[in-house]
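Take a look at the letters that make up each chain.
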Amino acid sequence: MRLRSGVFASACLLVQALGVGLFLRGFFPVPVRSLPRSGALAGPPAEPPPTGFSSNWTKVPSPLFKKAVIVLIDALRDDFVFGSKGKRFMPYTTQLVERGTSHSFVAEAKPPTVTMPRIKALTTGSIPGFIDVIMNLNSPALLEDNLIQQAKAAGKRIIFYGDDTWVRLFPKQFVEYDGTTSFFVSDYTEVDDNVTRHLDNVMKREDWDLLILHYLGLDHIGHLSGPHSPLIGPKLSEMDNIIKKIHTSLLSKEEGEVTSPHLLVVCGDHGMSETGSHGGSSEGEVRTPLLFVSSAFDRAGGLLKPPELVQQTDLAVTLAIGLGLPISRNSVGQLLLPVVQQKTVREQLRYLHLNGFQLSRLLQENMATYEKDPGFQQFKMAEKSHGSWIKLYLEGNTSEVLRNLGKKVLRQYLEAIRVLSSSLSKQVAQYDTYSMIVGTIIVLEVLVLLLLSTAKALSSRAELEVPLSPLCSLLFYLTCLMLCAVHVVVCTSTESSCYFCSISWLTAIGVIMLISGLLCVILSALEKVFVNPKQMAKNPAAATSSWSEFDMLILAGTVGHVSSLGASSFIEEEHQTWYFLVSTLCLALCQETCRHYFLAKDCDLQLPSSAKANPEEVKGAHHHRDDAGYLQDASKTGKAANSESTRGSEKWMALATPWVVLVCCRLLRSLNQTGVQWAHKPDFGHWLTSSEHKAELSLVASVSLVMIFILVQRRCSLVSKIAMALGLLGVYSYRAAIGNVEFPWQRDSKDISKGIIEARFVYVFVLGIVFTGTKDLLKSQVLSTDAKTKFIGLWEIYSGLVLLAALLLRPHNLPVLVFCLLIQAMMTKYVWKPLEFDAAQVTIMHYWFGQAFFFFQGNSNSIASVDVSAGFVGLDNYVEIPAIFLTGFATYSGPLLWAVHLLCYLSSDESFSHGARLLLLRAAAFHPGCRVHRLGHGPAVPPLHLERFLAKASLRGGARLHHGSRVHLLHSHGSQPLA
C-alpha cells in the first residue's frame, strides 16, 4: 500500500501516542489509599484491660496545645536556619534553636519538591506522586482525608494568609483567608507584605485556633537569582523578625492563663538547588528545617546536638496528636516523640499506639500479604506488651519493673512504626511494569519504522510503500499467539493490579495485533535493506538509500541513546550520553572531511556544488551561496584565480571546523554542571553569577550580544538588522535594570527594578521581526515566488526567536547562544554543503546538537532545572498562557533553535525542482552520448545512471537546477547548451 509521507507520519504519531500513554499509565504509580470508614481512627487494643477497670482507648486524645501557628516559608533550606546564614541573618531563630524551649529537626521531603505536592504531604501525611507536578499549575480541591478537614470538622477556627494554593486545595475550610499569587516570581516584596499586614490584627484576636502563614518571597528570590543572591540575607532577616513577633505575641497570650500552652511551627515546604530552582532530589531541595516552639517544652541546654533527620510526612501526625485530632487515614508519617515527651509514659504509649494502629490498618488495605510484613508483626508484639503494661499500671504497680517495661514498649512501638512507615512508603514507588514494557515496545517499534523510512519520506516523491503482505504471513499469527499467551500468564500470576490486564480482552488483543503487525513490517523492511542488496542495486531509486559508515554511526548513536533510557541512571545523567555522541560526531566529521578533500579524485570540469543557475536566463552567470552556505547572488564566473584560492581556504576551514566544534562543546560543558551526580559541583556559570564577579559577567554578556548580532544579521533585511541591534541593546538594559549586569557608568547604582519597560521594549522588536518573516513566508507560499523569498522569511523568524532567547536566557548562558549560532554557521558552510550530506543525515545531526544544547543550558531531566523566572520577564502580574509559553521556550530554546535552523537549511536546499529533473531526463533521451556532470564532486554521470543521480541529488546538496537554467551536455564533440 502506497502512502504519502504526511499520512504515514500522522499514523505513526497516533501509534506513538498510544505507546506513550501506556508507558505513562504504568510509570505513575497508584497512591496508597485507605478505604473510607466512619468513626474514630483509634482501634481497641489487642489486649483490653481487665474487667472492672475503665479505659478511654477509643476516644480521641485531648489537645496538647490551645492554639497553633504554622509559619511555612517557601523554599527554606535547612542551612538557612541551621547554617552560617541562620546565625548571621536569623539571630532570634538561632537563639530559639540553641537555648530556647524548642525542638528542631531537619525534615526530608520526597520528590517532586514543588509546592502543591509538599502541601499535600504536610497536611495528609501521604507521599504525593509525580503526576502532582502537573496538577501544581492548577490545584484542584483536595478530597483526601487531611489535617485541615479534620480540624474544621472538630470545630476549630482556621485563618490562612499566603499562597493561594491553600485556598484552592481547601475551599470553604478557612473562616478568614487572603491568598497571594504564587507563580509571579518577579515579586518578592509585596507577596510577603500582603501576608504580614494581617499579622498585628490577628495576633490580638482570640477568635481562631489555627493560624497558617505561607511566605513566598524567599522562593521567588531563589528563582530569580539563586540561593547565594545578596537578596537572600535581607529576606531571612525579615522572616526572623516575623518569627520573633509571633513568638512574643504567643507568650504574652499565655501570661495569666492556666490553659494549655500555644505552639509555633516553623517549616519549609521544600528547599532550593544551587541554581535557585526546585523539583528534584538534591540535598538542598529535599532538606528543610522543622522547628517546634512552645513553653511546654524544656529549655534547650548543654551540648548542642545536630538536628535529627525526620520525614516531612511526620508533621501531619504530630500536629494531629498535638491538636487532639484523628490521624489522617492515608498518612504514612511517624509521631515525633520529643514533641510529646513532657507527657506521662501512659499518654506517650497511647499516642504511639494510635499512630501504629492507623499505619497497620492502612497496610492491611493496600497489601494482600500484610500479615507477613515485619512491621505488622512487630506492632502486634508491641500491642501485647502494651496490654501487659496497662494491666500492671491499673493494678497500681509503681516498681522499677513498670518503668523498664514502659521503656521497652516505647522502643517496640517506635521500631514497629518505623518499619510500617517504610513498607507503606515503598508501596508508592511500585510501578506497573507490564504496562510500561508494552508502551515501550510500541514506541521503539514506531521509532525503528521511522528510521527505516526516513530516506524515502524525505525524497522528492515523499511516498512510501507500506507492505501489507507480512500481515497475512505465518509469522504474524505466531507472534500474536505467543504474545497472547504471555498476556494470559502475566495477568493471571501478578499479585498487584496492572492496568493493561484490567482493560477488556478485545482491546488487549487489538494492541497485541498492533505490536505483531509493526514487528512484521519492520522485519520486511530490514529484509529489503540488508538481505537483497543486489536487487536494490538494480533499482536506481532504491539504491540511493544504501547506508554508508556515517549512516550506520548516526543510526547506532540514536538507537543507543533510546536504549539507554531504559536505565534510571542514564536518564539522570543523559547529558553525558549526548556529550559523548556529539564528540564522536565531530571526530566522524573530521574523517569525512579528510576523505573528501584528500582521497577524492579531481574531475576534468568542476563547478562548486553550491552553484545554482539564475531563474532569469543569464548566460555564463551562476548563483552561489553566501558565507554560511545559503542562497545569494554572485558575480560572473570569470575570476578563476580568486576562486582557486577561495577553495583552498575553504578546504582548510572545513578541516578545522570539526575541531572548532569540539572545542566549543568542551567549553560549554564547563559553563553549567547538570545531571544529578555532579550538579552541586562548582562551574564557570556559578563563578560568573556570584556578586563578586558582576563586572566579568557584564563583559561576557555584552560581548556575547555583539557576537549574536554579527552571526544573525548577515541574512536579514535592513529593517530587521536595525530591530535586532536595538533589541539586543534592550536585552542588556533589561539585565542591568534587574541587577544581573551593570553599565560602566552605573557601577555604584543600587536601583534595582523589575525591568518591565525594558523587556517589553525587546518584545516589540521580537514581534516585528517575526511578523516580517511570517509575511515573507506567506508571500512565498501564496504567490509561489522563488525559494529565496521563502528562505528569507524563515530566517527572519529564526532571528526573532534568537532575540527572544537572548532576552529569556540568564546572562551567563548567553555564550551558549553564541556557540549555537557559530556552530550552525560553520557546519553549514564548511561541512554539510561541501560534503553533500543528505537531508536525513543533516536532520539527525541537528537533532543531536539540539539535545546537547538543551543540556549545555544547564537543563536536566529534573524539574529543578526549569527556570521559572523566564516566564515572568516583562510581566507585572501572573498571566497563565504567556508565562507557560515563555517558560517552555526558555527551557527548550536549544532544541527549538536547532529545529528552526533545520527548516532554514532545508528551504535553501529545495531548488532542485521537478521541472529540472524532467529537463535532464529529456536531454538524456535526445542526446544519446551525453554525460551529465555532478560538477565539483565526482565524475560525470552517464545516461543509464541519470535517474539514480537525479533521485540522489534531490536529497543531497549537489547541483541545483531551476526552470529557465541552462543544462550543459558533454559530447565527444564538446559542450552544447540545452535551453
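Everything quoted here is computed from the prediction, not taken from an experiment. Along each chain, residue indices are assigned from 1 in the same order as the chain's sequence is written. Only residues with pLDDT of at least 70 get local features here, since the model is predicted, and only at 80 or more are side-chain atom pairs given and counted; chain-wide, interface and lining totals rely on the full set of residues. Only hydrogens and water are set aside; all other atoms, that is, all heavy atoms of the structure, feed into the side-chain values.

## Overview of the overall build of the protein
Then, number 1: Under the DSSP-based scheme used, a helix requires at least four consecutive residues in state H or I and a strand at least two consecutive residues in state E, with every element numbered from the N terminus. Scanning the protein for helices and strands turns up 38 helices and 17 strands.
Then, number 2: The proportion of buried residues among the 979 residues of the protein is 52%.
Then, number 3: For the protein, contacts bridging at least 24 residues in sequence account for 76% of all contacts bridging at least 6.
Then, number 4: Just so you have it, the protein exposes about 44600 Å², and 61% of that area is on carbon and sulfur atoms. The classification of residues rests on relative accessible area computed with a 1.4 Å probe and restricted to protein chains. Under 20% of the type maximum is buried, over 50% is exposed, and intermediate values are partly exposed. Whether two residues are in contact is decided by their heavy atoms: any pair within 4.5 Å suffices. Only the protein chains shown count as cover for residues, and all accessible areas are computed by the Shrake-Rupley method using a 1.4 Å probe.

## Here we look at the UniProt feature "transmembrane region" (unreviewed entry) in the protein
Then, number 1: UniProt positions are given in the numbering used here, feature names are shortened, and annotations may be inferred rather than shown by experiment. Taken from the UniProt record, the annotation "transmembrane region" (unreviewed entry) applies to residues 434–454, 466–490, 502–526, 718–734, 755–772 and 792–809.
Then, number 2: The span residues 718–734 is 100% helical and 0% strand by assignment, and the distance between its end C-alpha atoms comes to 24 Å.
Then, number 3: With 94% helix and 0% strand, the stretch residues 792–809 has end C-alpha atoms that lie 25 Å from each other.

## Points about the packing of aromatic side chains
Then, number 1: Each aromatic pair joins two rings of Phe, Tyr and Trp (for Trp, the six-membered one) with centres within 6.5 Å, and gets the label stacked for planes under 30 degrees apart, edge-to-face for over 60, and tilted for any other angle. Summed over the entire model, instances satisfying the criterion amount to 28 aromatic pairs.
Then, number 2: Ring centres of Trp 832 and Tyr 905 lie 5.7 Å apart, and the angle between their planes is 75°; on these two criteria the pair is classed as edge-to-face. One end of the pair, Trp 832, is in helix α33 (residues 814–832); the other, Tyr 905, is in helix α36 (residues 893–907), with 73 residues separating them in the sequence. Summarising the burial analysis for this pair, Trp 832 and Tyr 905 share the class buried.
Then, number 3: With a centroid separation of 5.4 Å and an interplanar angle of 15°, the aromatic rings of Phe 854 and Tyr 892 are classed as stacked. Separated by 38 residues along the polypeptide, Phe 854 in helix α34 (residues 839–856) and Tyr 892 in the loop between α35 (880–891) and α36 bring together distant segments of the chain.

## Looking at the pattern of salt bridges
Then, number 1: One side-chain nitrogen of Lys or Arg within 4 Å of one carboxyl oxygen of Asp or Glu is enough to make a salt bridge. Tallied over the entire structure, the rule returns 19 salt bridges.
Then, number 2: Of the charged contacts, one joins Arg 205 and Asp 207 as a salt bridge, the two residues approaching to 3.1 Å between their closest N and O atoms.
Then, number 3: You can call Asp 207 partly exposed: its relative accessible area is 36%.
Then, number 4: Arg 403 is the salt-bridge partner of Glu 400, the closest N and O atoms lying 2.3 Å from each other. Within this pair, Glu 400 and its partner Arg 403 are both found in helix α17 (residues 400–428), separated by 3 residues, close to a single helical turn.
Then, number 5: The partly exposed category is assigned to Glu 400, whose relative accessible area is 42%.
Then, number 6: Residues participating in the shared-partner salt-bridge network are Lys 67, Glu 206 and Lys 253.

## Re the sheet that holds strand β7 (residues 263–267)
Then, number 1: Spatially, β5-β4-β6-β2-β7-β8-β3-β9 is the arrangement adopted by the 8 strands of the open sheet, whose pairing is mixed. On the outer flanks of this sheet lie β5 (176–180) and β9 (308–311), each paired with one strand and no other. Pairwise comparison of adjacent strand axes, ignoring direction, gives a mean angle of 15° for this sheet.
Then, number 2: Where strand β4 (residues 158–163) lies against β5, 5 bridges are found, and the strand directions are parallel. Bridged to Ile 159 within β5 is Glu 176. A strand pair is defined by DSSP finding two or more bridges across the two strands. Geometry is summarised by axes, namely lines fitted to C-alpha atoms with helices restricted to the contacting stretch, and by angles between N-to-C directions that run from 0 to 180 degrees.

## Considering the environment of Ala 153
Then, number 1: Within the secondary structure layout, Ala 153 lies in helix α7 (residues 147–153).
Then, number 2: Sequence separation between Ala 153 and Leu 325 is 172 residues, and the spatial gap between their C-alpha atoms is 9.4 Å.

## Remarks on the state of the cysteines
Disulfide: a covalent bond formed between the sulfur atoms of two cysteine residues.
Then, number 1: The criterion for a disulfide is a pair of cysteine sulfur atoms lying within 2.5 Å. Going through the model one piece at a time under the given rule, you end up with 1 disulfide.
Then, number 2: Paired by a disulfide, Cys 491 and Cys 501 hold their sulfur atoms 2.0 Å apart. One quick way to see it: the torsion about the S-S bond of Cys 491 and Cys 501 is about -85°, and its sign makes the bridge left-handed. With a gap of 10 residues between them, Cys 491 in helix α19 (residues 474–493) and Cys 501 in helix α20 (residues 499–502) connect regions that are remote in the sequence.

## Concerning the nonpolar core
Then, number 1: Trp 166, Leu 290 and Phe 292 are the most contacted members of the largest nonpolar core, which has 68 residues in total.
Then, number 2: The element contributing the most residues to this core is α17, with 9 residues.
Then, number 3: The contacts of Leu 290, once residues within four sequence positions are left out, are His 103, Ser 104, Phe 105, Ala 107, Val 265, Val 266, Cys 267, Val 310, Leu 315 and Leu 336.
Then, number 4: By convention a nonpolar core is built from buried Ala, Val, Leu, Ile, Met, Phe, Trp, Tyr and Cys residues, the set being connected through side-chain atoms within 4.5 Å. The next biggest cluster of nonpolar side chains, apart from the first, holds 50 residues, and it includes Leu 688, Val 741, Phe 743 and Leu 794.

## Some remarks on the pairing of β7
Then, number 1: Burial analysis of β7 places 5 of its 5 residues in the buried class, the great majority of the element.
Then, number 2: Of the two faces of β7, both are covered, the one formed by Leu 263, Val 265 and Cys 267 as well as the one formed by Leu 264 and Val 266.
Then, number 3: Relative to β7, strand β2 (residues 68–73) runs parallel, the two being bridged by 5 bridges. Paired with Leu 72 across the strands is Cys 267, a residue of β7.
Then, number 4: Looking at chain direction, β7 and strand β8 (residues 287–293) are connected through 4 bridges and run antiparallel. For Cys 267, the partnering residue across the bridge sits in β8 and is Leu 290.

## Brief notes about the confidence of the model for the protein
Then, number 1: Averaged over every residue, the pLDDT of the protein is 79; residues scoring 70 or more account for 77%.
Then, number 2: The predictor reports its confidence for every residue as pLDDT, a score running from 0 up to 100. For the stretch residues 601–625, pLDDT sits under 50, and the model shows 57 contacts to residues farther than four places along the chain or on other chains.
Then, number 3: Throughout residues 627–639 the model reports pLDDT below 50, and contacts reaching past four residues in sequence, or to other chains, amount to 35 contacts.

## Section: helix α29 (residues 694–713)
Then, number 1: Spanning 20 residues, α29 covers 28 Å between terminal C-alpha atoms, matching the ideal 28 Å at 1.5 Å per step.
Then, number 2: For α29, every residue scored as buried is listed here: Leu 697, Ser 698, Ala 701, Ser 704, Leu 705, Ile 708, Leu 711, Val 712 and Gln 713. Helix span, as expected, comes to 1.5 Å for every residue beyond the first.

## Some points on the packing of α29 against helix α30 (residues 718–737)
Then, number 1: Look at α29 against α30: their axes get within 10 Å of each other, and the N-to-C directions meet at 165°. Here α29 is positioned roughly antiparallel relative to α30, judged by the angle of their axes. The handedness of the crossing between α29 and α30 is right-handed. Where α29 abuts α30, its residues Ser 698, Ala 701, Ser 702, Leu 705, Ile 708, Phe 709, Val 712 and Gln 713 lie against Lys 721, Met 724, Ala 725, Leu 728, Val 731 and Tyr 732.
Then, number 2: Each residue belonging to the contact of α29 with α30 can be placed in one class, and the counts come to 10 nonpolar, 3 polar and 1 charged. Here the angle decides the label: under 35 degrees means roughly parallel, over 145 means roughly antiparallel, 65 to 115 means roughly perpendicular, and every other value means oblique. For any pair of crossing helices, the crossing counts as left-handed if the nearer helix is rotated counterclockwise from the farther one by less than a right angle, and right-handed if it is rotated clockwise. Polar here means any residue other than Ala, Val, Leu, Ile, Met, Phe, Trp, Tyr, Cys and Pro, which are nonpolar, and Asp, Glu, Lys and Arg, which are charged; Gly is therefore polar.

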